[in-house]
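Inside the fold
For reference, the chains in residue letters:
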Amino acid sequence: GQQVQQSPASLVLQEGENAELQCNFSSTATRLQWFYQRPGGSLVSLLSNPSGTKHTGRLTSTTVTKERRGSLHISSSQITDSGTYLCANRQGGSAKLIFGEGTKLTVSS
Amino acid sequence: EAAVTQSPRNKVAVTGGKVTLSCNQTNNHNNMYWYRQDTGHGLRLIHYSYGAGSTEKGDIPDGYKASRPSQENFSLILELATPSQTSVYFCASGDVGYQDTQYFGPGTRLLVL
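The present account deals with the structure reproduced in this document. (Residues numbered from 1 in each chain as written. Chains lettered and ligands numbered in written order. Predicted model: local features only at pLDDT ≥ 70, side-chain atom pairs only at ≥ 80, totals over all residues. Heavy atoms only, no water.)

1. Observations concerning the overall build of chain A
Put simply, the rule reads: Secondary structure elements follow DSSP: runs of H or I no shorter than four residues count as helices, runs of E no shorter than two count as strands, and numbering proceeds from the N terminus. Our radius of gyration looks at C-alpha atoms and nothing else; its globule reference is 2.2 Å times the residue count to the power 0.38. Throughout, exposure labels follow a simple rule: accessible area from a 1.4 Å probe, protein chains only, divided by the maximum for the residue type, with under 20% read as buried, over 50% as exposed, and the rest as partly exposed. Two residues form a contact once any of their heavy atoms are found within 4.5 Å.
For chain A, the helix and strand inventory stands at zero helices and eleven strands. Counting from the amino terminus, chain A carries its helices and strands in the arrangement β-β-β-β-β-β-β-β-β-β-β. Taken against the 2.2 N^0.38 rule, which gives 13 Å for 109 residues, the C-alpha radius of gyration of chain A at 13 Å falls within 12% of a compact globule. For the C-alpha atoms alone, the extent of chain A along its principal axes is close to 45 × 30 × 20 Å. Each of the 109 residues in chain A was classed as buried or not, and the buried ones make up 49%. Contacts spanning at least 24 positions in sequence make up 55% of the contacts within chain A whose residues lie at least 6 apart.

What follows is the structure, encoded as structure tokens:
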């Protein structure tokens, strides 16, 4: 079945630094999505980006469908950005999302 | 903002007992999902539904049943709970489209002793 792999597994930054999170997927059918999970909490949708580049606030998502990869760039990280970022790809024409294991981001002052 | 609620939020069950996890959504989404999240495995799909009366097997359906009696409600049923089913369970709702996404509930922590 389809696989979604994220890197790095964890990332430690100082406040104000930028973060770059990577996502690689095995299927060419792409509905790449990014979610944020606060420690001990639920998931919140950040961006849905089938292809190209999409911005929202300090987040920039880039999806390169032919290369089966995506990235999430967080500019000027803040302490409140700490948590786990999950990437997910929708499988073929179905309604199923396949999730990566996430990148745990820790931002300190 | 989409609203998905789950009950109970925390549950302790005994091995061999029956557990029912409930999910309600007020978004009028057709699709609903049940996931479990475990360290080292990420988020895995157990069952999902395309609408009232429908249930589909996800990637790890063994030991679980699902029920979708209405557009708003989707239940996950563990007929004979086992310690390996100790996990955090998330329900989600969503529809498929060009900018589709899923909206998640707060999660249920289940401990099977």
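Still more ground to cover, so stick around.
2. Observations regarding the packing of aromatic side chains
How we decide: We call Phe, Tyr and Trp rings a pair once their centres come within 6.5 Å, taking the six-membered ring for Trp, and we label the pair stacked below 30 degrees between planes, edge-to-face above 60, and tilted otherwise.
The tally for this structure, following the rule as stated, stands at eleven aromatic pairs over all chains. Consider the rings of Phe35(A) and Phe99(A), whose centres lie 5.5 Å apart with planes at 45°: the pair is tilted. Separated by 64 residues along the polypeptide, Phe35(A) in strand E4 (residues 33-37) and Phe99(A) in strand E10 (residues 97-99) bring together distant segments of the chain. The pair Phe35(A) / Phe99(A) is uniform in exposure class, with both members buried. Between Phe99(A) and Phe104(B), the aromatic rings sit 6.2 Å apart at their centres with planes inclined by 80°, giving edge-to-face as the arrangement. Taken together, the residues Phe99(A) in strand E10 and Phe104(B) in strand E10 (residues 101-104) connect one chain to another. One exposure class covers both Phe99(A) and Phe104(B), and it is buried. The rings of Phe35(A), Phe99(A), Tyr33(B), Tyr35(B), Tyr48(B), Tyr50(B), Phe90(B) and Phe104(B) are connected pair by pair, giving a single aromatic cluster.

3. Focus: the state of the cysteines
The criterion, for reference: Criterion for a disulfide: a pair of cysteine sulfur atoms at a distance within 2.5 Å.
In total, this model carries two disulfides over all chains according to the counting rule given. The side chain of Cys23(A) participates in a disulfide bridge whose partner is Cys87(A); the two sulfur atoms lie 1.7 Å from each other. Here Cys23(A), found in strand E3 (residues 19-25), pairs with Cys87(A), found in strand E9 (residues 83-90); they are 64 residues apart in sequence, far enough to count as distant. For Cys23(A), a relative accessible area of 0% translates into the label buried. Taking the relative accessible area as the measure of exposure, Cys87(A) reaches 0% and is therefore buried. Paired through a disulfide, Cys23(B) and Cys91(B) show a sulfur-sulfur distance of 1.9 Å.

4. Details of the sheet that holds strand E1 (residues 4-7) of chain A
All names here are of chain A. Rules: Note: two strands are recorded as paired if DSSP finds a minimum of 2 bridges between them. Only C-alpha atoms enter the line fits that serve as axes; for helices the fit covers just the stretch in contact. Angles between N-to-C directions range over 0 to 180 degrees.
If you walk across this open sheet you meet the five strands as E1-E3-E8-E7-E6, and the pairing is antiparallel. With one partner strand each, in any of the chains shown, E1 and strand E6 (52-56) form the two edges of the open sheet. With strand direction ignored, the average angle separating the axes of adjacent strands in the sheet is 15°.

5. As for the layout of surface pockets
Selection rule: Here a cavity is any set of points on a 1 Å grid over the protein atoms alone where a 1.4 Å probe fits but cannot get out, and a pocket is any open set with protein on both sides within 12 Å along at least 5 of 7 lines; a residue lines the site when it has an atom within 4 Å of a point. Grid points are joined across faces, edges and corners, and a volume is the space filled by probe spheres set on the points. Residues are grouped as follows: Ala, Val, Leu, Ile, Met, Phe, Trp, Tyr, Cys and Pro are nonpolar; Asp, Glu, Lys and Arg are charged; every other residue, Gly included, is polar.
In this structure, the largest pocket encloses a volume near 600 Å³. In this structure, the largest pocket is lined by 29 residues; those nearest its centre are Gln37(A), Gly40(A), Thr84(A), Gln37(B) and Thr39(B). With four residues, the single largest contributor to the lining of the largest pocket is strand E11 (residues 103-108) of chain A. Residues belonging to the lining of the largest pocket are distributed by class as follows: seven nonpolar, 16 polar and six charged. Contributing to the lining of the second largest pocket are 18 residues, with Gln2(A), Gln3(A), Val4(A), Ile98(A) and Phe99(A) lying nearest its centre. If you list the elements that add at least two residues to the lining of the second largest pocket, you get E1 and E10 of chain A together with strand E5 (42-49) of chain B.

6. A few points about the interface of chain A and chain B
Put simply, the test is: Summed over both partners, the accessible area (1.4 Å probe) lost when two parts come together is defined as the buried area. A pairing counts as a salt bridge when a side-chain nitrogen of Lys or Arg comes within 4 Å of a carboxyl oxygen of Asp or Glu.
Listed as interface residues are 19 residues of chain A and, on the opposing side, 24 residues of chain B. Summed over both partners, the interface of chain A with chain B buries about 1,800 Å², with 50% contributed by carbon and sulfur atoms. Applying the counting criterion to the chain A and chain B interface returns one salt bridge. Across the side of chain A that touches chain B, the residue classes break down as seven nonpolar, seven polar and five charged.

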